[in-house]
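# Coordinate inspection notes
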Amino acid sequence: MPLFGELFLSEVLKKPVFDPKGEIVGRVHDALVVKGDPLPKIAAVILHQRKQLLILRWEQINLFSKRVISTYLNEGELPSYELQETDLLASRDILDKQIVDVNGVKIVRANDIKLEGYEGEAVLIAVDVGMRGILRRLGIERGSESLLKTFNSDIPYNLIAWTYMQPLSPQLNAIALTVSRQMVSDLHPADLAEIISQVPQKEGAALFENLDIETAADALSELEPDKQAEMIKSIEPEKAADIIEEMNPDDAADVLSDLPTEVAKEILEHIEKEDAEDIQELLHHEEDTAGGLMNNLFIAYPPNITAREALERFRKDAEEVEPVYYVFVVDQLEKLVGVLSLREMILADPDKLLADIMQTKLRTVTPETDEMVVAELISKYDLVAVPVVDSDGVCAGVITVDDIIDVIMPREGKRKRRKV
Amino acid sequence: MRGFWKKALLFLTVMGPGIITANIDNDASGITTYSVVGARFGYSLLWTLIPVTAALIVVQEMVARMGVVTGKGLADLIREEFGVKAAFYLLLGLFIANFGNTVANFAGWAASMQILGLSKYAMVPIGAAAIWLLVVKGSYRIIENVLLVACLIFVGYIISGIMAKPDWLEVGKSLVVPDIKWDAEYLILAVGIIGTTITPWMQFYMQSSIAEKGIKKEDYRLTRLDVIVGCSITDIVSFFIIVTCATLLYPHGIRVEDASEAAIALQPLAGNYAALIFSIALANASILGAIIVPLATAYYICEAMGWEAGVNKSFKEAPQFMGIYTLIIGAAAAIILIPGAPLVDLMVLSAIVNGLMLPFVLVFIIKLINNKKIMGDYTNSRAYNIISWSTVTVVAVLTVLFVVASVFPIA
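Report follows, based on the coordinates. Please read these numbers as outputs of a predicted model, since none were measured by experiment. (Residues numbered from 1 in each chain as written. Chains lettered and ligands numbered in written order. Predicted model: local features only at pLDDT ≥ 70, side-chain atom pairs only at ≥ 80, totals over all residues. Heavy atoms only, no water.)

## A closer look at the overall build of chain B
To keep it simple, the criterion reads: Numbered from the N terminus, helices here are DSSP runs of H or I no shorter than four residues, and strands are runs of E no shorter than two. Working definition: with a 1.4 Å probe on protein chains only, accessible area under 20% of the residue-type maximum means buried, over 50% means exposed, and in between means partly exposed. Here, two residues are considered to be in contact whenever any of their heavy atoms come within 4.5 Å of each other. Under the convention used here, a 1.4 Å probe and the Shrake-Rupley method define accessible areas, while residue burial counts only the protein chains that appear. The convention is simple: Lys and Arg are positive, Asp and Glu are negative, and His and the chain ends are not counted. Each charge is placed at NZ for Lys, CZ for Arg, CG for Asp and CD for Glu.
Looking only at helices and strands, chain B features 17 helices and zero strands. Along the first, second and third principal axes, the C-alpha set of chain B runs to 60 × 55 × 50 Å. Taking all 411 residues of chain B together, 58% fall into the buried category. Within chain B, residue pairs in contact and separated by at least 24 positions form 83% of the contacts whose partners lie at least 6 positions apart. If you sum the accessible surface of chain B, you get close to 17000 Å²; carbon and sulfur atoms cover 70% of it. Averaging the coordinates of the 26 positive side-chain charges in chain B and doing the same for the 25 negative ones gives two points 8 Å apart.

## Side note on the pattern of salt bridges
Between side chains of opposite charge, a pair can form when the charged atoms approach closely. All names here are of chain A. Our working definition: Any carboxyl oxygen of Asp or Glu within 4 Å of a side-chain nitrogen of Lys or Arg constitutes a salt bridge here.
According to the stated counting rule, one finds 22 salt bridges over all chains in the structure shown. For arginine 92, the salt bridge is made with aspartate 93, and the minimal N-O distance between the two is 3.0 Å. With respect to burial, arginine 92 and aspartate 93 carry one shared label: buried. Salt bridges linked by common partners bring Asp112, Asp128, Arg132, Arg136, Glu141, Arg142 and Glu145 together as one network.

## Describing the pairing of strand 3 (residues 24–34) of chain A
Residues and elements named next belong to chain A. Our working definition: Between any two strands, pairing holds if DSSP finds at least two bridges.
Relative to strand 3, strand 2 (residues 16–18) is paired through three bridges, and the arrangement is antiparallel. By the bridge assignment, phenylalanine 18 is partnered in strand 3 with isoleucine 24. The hairpin turn running from strand 2 into strand 3, its antiparallel successor, is five residues long, and glycine 22 in that turn takes a positive phi close to 90°. Where strand 3 meets strand 4 (residues 41–49), seven bridges bridge the pair, whose relative direction is antiparallel. From the neighbouring strand, valine 34 faces strand 4, where its bridge partner is lysine 41. In this structure, strand 3 lies alongside strand 8 (residues 88–89), joined through two bridges in antiparallel fashion. Counterpart to valine 33 in the pairing with strand 8 is leucine 88.

## Notes on the sheet that holds strand 18 (residues 336–341) of chain A
With respect to topology, three strands assemble into an open sheet ordered 16-17-18 (chain A), the strand pairing being mixed. Edge strands, defined here as strands with exactly one partner in the open sheet, are strand 16 (300–301) and strand 18 of chain A.

## With respect to the environment of threonine 70 of chain B
All names here are of chain B. The condition is simple: Whenever two N or O atoms come within 3.5 Å, that pair is a polar contact, provided that in protein one can donate a hydrogen and the other can accept it, and provided that, for residues adjacent in sequence, both atoms are side-chain atoms.
In this structure, threonine 70 sits in helix 4 (residues 49–70). Residues threonine 70 and alanine 341, 271 residues apart in the sequence, show an inter-C-alpha distance of 43 Å. One polar contact links the side chain of threonine 70 to the main-chain carbonyl oxygen of methionine 66, over a distance of 2.6 Å. At 3.1 Å, the side chain of threonine 70 and the backbone nitrogen of lysine 72 are in polar contact.

## Some thoughts on the packing of aromatic side chains
Here is the rule: Ring geometry is summarised as follows: Phe, Tyr and Trp rings, the Trp one being its six-membered ring, pair when their centres sit within 6.5 Å, and such pairs are stacked at plane angles under 30 degrees, edge-to-face over 60 and tilted between the two. Here, a charge over a ring means that NZ of Lys or CZ of Arg falls within 6 Å of the ring centre while also lying within 35 degrees of the ring normal.
Taken as a whole and assessed by the stated rule, the structure comprises eleven aromatic pairs over all chains. Consider the rings of phenylalanine 41 of chain B and tyrosine 186 of chain B, whose centres lie 5.2 Å apart with planes at 90°: the pair is edge-to-face. Taken together, the positions of phenylalanine 41 of chain B in helix 3 (residues 28–41) and tyrosine 186 of chain B in helix 10 (residues 184–197) put the pair 145 residues apart, joining distant regions of the chain. In this pair, the class of phenylalanine 41 of chain B matches that of tyrosine 186 of chain B, namely buried. Summarising the aromatic geometry, the rings of tyrosine 299 of chain B and phenylalanine 321 of chain B are spaced 5.1 Å apart at their centres and angled 70° between planes, so their arrangement reads as edge-to-face. In this pair, tyrosine 299 of chain B sits in helix 13 (residues 259–305) while phenylalanine 321 of chain B sits in helix 14 (residues 319–337), placing the two residues 22 residues apart along the sequence. Taking the relative accessible area as the measure of exposure, phenylalanine 321 of chain B reaches 0% and is therefore buried. Here a set of aromatic residues connected by ring pairs shows up, and it is made of Trp168, Phe239 and Phe240 of chain B. In this structure, arginine 363 of chain A is placed above the aromatic ring of tyrosine 381 of chain A, and the distance from its NZ or CZ to the ring centre is 3.7 Å. Here the basic side chain of arginine 65 of chain B rests over the ring of tyrosine 384 of chain B, its NZ or CZ set 5.6 Å away from the ring centre.

Laid out in structure tokens, this is it:
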């Protein structure tokens, strides 16, 4: 039972290790961590002696505390140790590295590691991400504490329990999450996007790669254009295609337009034909026009069906389309003849024909209309969406108020659309 | 031809960090050094600019490469590879040195405003408030645009240098033929040029801005060009400052102590325009430095310590970040306004801390760039290591000598 109670890793680093005769066999250099149940534990201590690394297995340790560390072995009996990339070393791989604190959506650093005795083993119980950890590493924790005590204040502990830690991948020890992967999917996409854009590219890509398709699609639409391109380029074209398919066509077109032509083409080839056509259609419009803003997925019904029938169809059709504010009424030639708000459709007499309840005073724009003109129109008439019709009066798409908000309050580094 | 334009366009999107960093390098203390050098020794120190530029390029290229490859700042890498102690003491040093730099910049701002006939008691608080608001309320995009425009004002020095009508033949000769004088003041100023050109904080700033810009490895060659162009521009500006003062002040034996004295001294000799250009450019350089230095300092400290940082965070979200930033600006502005504050002592301290830190920073840079785990295939080649180690050794030894000379003045 070498470890009783608890201690911090920094309290044993560089401490001498004694053999039964009281000779120093080496100084603590690092600790080899292996998986344990329920928490990871220390399998061996790596010692540093005369420019050589030695390995001291946990079973060979006699005493392990802040004050004394000793072994059953005699000096010279310890085997030497070669540094290996695949080993997880507590000091080399965890200390000072970044941790994504998912709950606070911020990035902290592992200042220290808290160990605790559990059935004779030393388990990693928590990571210290607070001021105390820094002060302890600097060797001034006690001093600062008593200094602050005279002012009647205290340094708070800031520990993250190891049960919340989730290394992203065994090789990539630089980053860990404070929640499990399932919980990552529960995060708001905008928060996820913020995390991805705050960490270095490699780690962001690893995080992104681990998301399920749907979450990835949501997070991707929230990212800034250049980050979007980076993330898409970092994954397999097939997976990229699945993610892009999941997105709204207008967001998908925005992502593809920022990619190099060859990459975008390859991804488009993997996308289902119908979706690919929708996206390609959008790619042909200028960026700052209605065509560039619009979504070409919308709901359109003929005028000669009843409100009841329309509502039934809507339940099925609307699954694919978001957001929906209006139902468009189009004739056989796909010409827009009227619009119907959802409210009107639900409140109407179920037996009435759409032709009788729709609004025919239409406010529409063409694909070439400037985006600011669209914004003015939406603002002036208090619309939540405006249909886009081409010169023949055929409905081409819809611009919703959330698209316009992005125009009025652009995110940094507004995209430039280019044809694929 | 099409290929050329495509490349030119790509360069324009990648450039920025190198050029902005280089321009900010010519802050109030840099301009002071060059003015003093020109007025005291004429053209005879011009030759130092070529080796200094080369050394600057060697160092900045490595830092830029690390930014591109790792996507992390220098403070982050030092914390992750050398631990919290190294990072803490280095950043503490950086904090002290940069506080001194900020004071120097506010002093430059105050002096240039006084030449323009504006009271420092009004202009220093206004300047400090404007800088503070820019960061606390503004966005990164506004800041970058302000910086790029401000960089253009440095052209003023080039114009004044040409207007001074120097003897170009002699200037050219002094630039390439070293004219070493075994005079203590001459040698100290020569080393001082290195000290103001290659500074520790610049390396941190450069790597962070490249990492933030997210430049890809494939575009690294363009970043290298950005570094070379940026470093050259810095020293072209320095060159013209020295030439102006050397042509107009040196023949009359006018000694100046700082950049604003140079501007005043220029007035009777070169007319109002030269003095005006000098004071506006000094004001510009000072305020630029006063924006960037505190901001950068707050960033590195928070990143390395794992504290929340960012221009668009509130005081409550990022208390350490905003606290450090506010403290530096507030205290620096206050020191300028308090009569009898130990201004000179503080600048000397700042120069000494800078000089002591530089060797450490440079050694960290070389160790990091040769770390295969971090840099992969982008480590230094053997030949490049010989160049960089010798550059670093020479620069480090000279700066330490400079520190010794500042602590035990010979003259």
